[in-house]
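Okay, here's what each chain looks like letter by letter:
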Amino acid sequence: MPPESLTCKECHTVYPLDASYVCERCFGPLEVTYASRADVEAAELRRRIQAGPHSIWRYRDFLPLTSPPPRDTLPAGWTPLLRADRLAERLGLREVWIKNDAANPTHSFKDRVVAVALARAKELGYHTIACASTGNLANAVAAHAAAAGLDSYVFIPSDLEEQKILATGVYGTTIVAVRGNYDDVNRLCTEVSGEREWAFVNINFRPYYAEGSKTIAYEIAEQLGWQVPDRIVGPIASGSQFTKIARGFEEWIEVGLLAGAVPTMNGAQAEGCSPVATAFAAGQDVCRPVKPDTIAKSLAIGNPADGPYALDLARRTGGGIDAVTDEEIKAGIRLLAETTGIFTETAGGVTTAVLAKLAERGDIDPGERVVAIITGEGLKTLDAVRGTFETVEIEPSYDAFEASVEARPAPAQPVAA
Ligand SMILES: *Cc1c(COP(=O)(O)O)cnc(C)c1O
Ligand SMILES: [Zn+2]
């Protein structure tokens, strides 16, 4: 099912499949559209998927490449979907699953979108890839460029977590640290992309990049035995991933790979950067840009490109968009770690905290099957857990050990099943 064209999301003007991203008529965003799959049997599609590799490329019939995927790529995707019974119990829910996208090559879901954008950039003959990043995208671009033997430039806000900068520079990329926030970085990169023959994965290659997030939905459906979950809770920065997960389910329902409806979609933001949650609460269709101030730096986009589409999606699926404080984010990180053994970064803390808030508020029917999208790794944002627990330091003697253990408060008791 080859990709057919780029189409304006607003006025539906059709463009060729090149490195463009904005409609010349109405300035709407462009999206990849595909040739009809109506004449292919669902059983045949399913057979092709199941015969594919354990990576996003098993879904190549739904991805925007015109030739086979390149060989020298890091294998993104096919991350675990884990049933989180202890987390569910703590929240008073019956069935909660964690899609753990920290288990990607550079430990965030960005490997999916970069793998797709880079493959398309190679098809179009680009030699240099670049990005405007809130952190994880820089990690992924640097690593995937190294694997493919391409040059790369990554633009980041200069106040990023040191762990993310170190985990990027190691790949031999050029890091440009911009004194400003992500929205300043993005504006600069838009200007640079007009001057250089570079593939900016999330600017002039954004239509291809965005398609990579659909693979999260495909994997969840396949891992649940070709079923749609009732509800998805996932983070929103630009809103690209959030909207494309729903698109993934929608496409598979259309071709008959899945039965049912798109899940109820709940978006998660940090209060310190919550333009979409604010617009949702106010009943508005567009987001008013904000100046980010939150520990969830990977979600710190003050002017989200896909905000209006995220709002529409949450409303038409009966979901919502909520925001949580930095303290709630830290508690979310701890809750997930303590109940599932998964240590996530601040963005995952946002998602877990919003899941907890929905459960507390009674918004989730206890019988629902809920999937939380955990998008990144805790080791990249270690500062967020500093001071949230104590260590016991003692002299190396048994007496000292016993005295210290006696003196400690009893650990929290697990909830009875
Ligand atoms: C980039 C990112 C997101 C969200 O990205 P969108 O711009 O909304 O697609 C979520 N979590 C993490 C860890 C990220 O790095
Ligand atoms: Zn248009």
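Up top you'll find the structure we're talking about.
Residues numbered from 1 in each chain as written. Chains lettered and ligands numbered in written order. Predicted model: local features only at pLDDT ≥ 70, side-chain atom pairs only at ≥ 80, totals over all residues. Heavy atoms only, no water.

K.L.:
Help me understand the overall build of the protein in this model?
P.N.:
When helices and strands are counted, the protein shows 14 helices and 13 strands. Its C-alpha atoms give the protein a radius of gyration of 21 Å, within 12% of the compact-globule value 22 Å for 417 residues. The principal-axis extents of the C-alpha atoms in the protein amount to approximately 75 × 45 × 45 Å. Within the span of the protein, comprising 417 residues, buried residues form 55% of the whole. (Helix = DSSP H or I, 4+ residues; strand = E, 2+ residues; numbered from the N terminus. Rg over C-alpha atoms; globule rule 2.2 N^0.38 Å. Buried < 20%, exposed > 50% of the residue type's maximum accessible area, 1.4 Å probe, protein only.)

K.L.:
Help me understand the side chain of N100, please; the structure alone is not making it clear to me.
P.N.:
Turning to its location among the elements, N100 is positioned in strand 5 (residues 95–100). On the basis of relative accessibility, which here comes to 12%, the residue N100 falls in the buried class. Ignoring sequence-local partners within four residues, the contact set of N100 consists of T79, P80, I342 and I374. (Contact = heavy atoms within 4.5 Å.)

K.L.:
Mind showing me how you'd approach the pattern of salt bridges here?
P.N.:
Opposite charge on two side chains permits them to pair, given that their charged atoms come into close proximity. Evaluated as defined, the whole model comprises 34 salt bridges. Between R369 and E95 there is a salt bridge; the shortest N-O distance is 2.6 Å. Of this pair, R369 sits in strand 13 (residues 369–374) while E95 sits in strand 5; the two residues are 274 residues apart in sequence, bridging distant segments of the chain. Note that R316 is salt-bridged to D312, the shortest N-O span being 3.1 Å. Here D312 and R316 lie together in helix 11 (residues 307–316), a separation of four residues that amounts to about one turn. (Salt bridge = Lys/Arg side-chain N within 4 Å of Asp/Glu carboxyl O.)

K.L.:
I tried to follow the state of the cysteines on my own but got confused; where do I start?
P.N.:
Here, the word disulfide means a covalent bond between the sulfur atoms of two cysteines. The full count for this structure, using the stated rule, is zero disulfides. Free of any disulfide, C287 has its nearest neighbouring cysteine sulfur in C273, separated by 10 Å. On the accessibility criterion, C287 (16% relative accessible area) is buried. (Disulfide = S-S within 2.5 Å.)

K.L.:
Help me understand unusual backbone geometry, please; the structure alone is not making it clear to me.
P.N.:
Of all residues except glycine, most have a negative phi; of all peptide bonds, most are trans. Residues other than glycine seldom take positive phi values, yet H12 does so here, at roughly 65 degrees. As for its position among the elements, H12 is in the loop between strand 1 (3–8) and strand 2 (14–15). Overall, the relative accessible area of 55% leaves H12 in the exposed class.

K.L.:
What am I meant to see in the site of ligand 1 here?
P.N.:
As a matter of local geometry, ligand 1 sits amid 15 residues, with K110, N136, A237, S238 and T375 nearest to it. With respect to ligand 1, the side chain of N136 contributes an N or O atom lying 2.9 Å from an oxygen atom. In the model, a nitrogen atom of ligand 1 is placed 2.7 Å from a nitrogen or oxygen of the T375 side chain. Coverage of ligand 1 by the protein chains reaches 98% of its 390 Å² of free accessible surface. Within the shell around ligand 1, the residues separate by chemical class into six nonpolar, seven polar and two charged. (Near = heavy atom within 4 Å. Polar contact = N/O pair within 3.5 Å; in protein donor to acceptor, adjacent residues only side chain to side chain. Areas by Shrake-Rupley, 256 points an atom, 1.4 Å probe, with all protein chains shown as cover. Nonpolar A, V, L, I, M, F, W, Y, C, P; charged D, E, K, R; others polar.)

K.L.:
Any chance you could explain the pairing of strand 7 (residues 151–157) here in plain terms?
P.N.:
For strand 7, the buried fraction is high: five of the seven residues fall into the buried class. In this fold, the crossover linking strand 6 (residues 128–132) to strand 7 by way of helix 4 (residues 136–148) has right-handed handedness. When strand 7 meets strand 8 (residues 174–178), the two strands line up parallel, connected through five bridges. Along strand 8, the bridge assignment pairs P157 with V178. Following the chain from strand 7 across helix 5 (residues 162–169) to the adjacent parallel strand 8, one finds a crossover that is right-handed. (Right-handed = clockwise from strand over helix to strand, strands pointing away. Pairing = 2+ DSSP bridges.)

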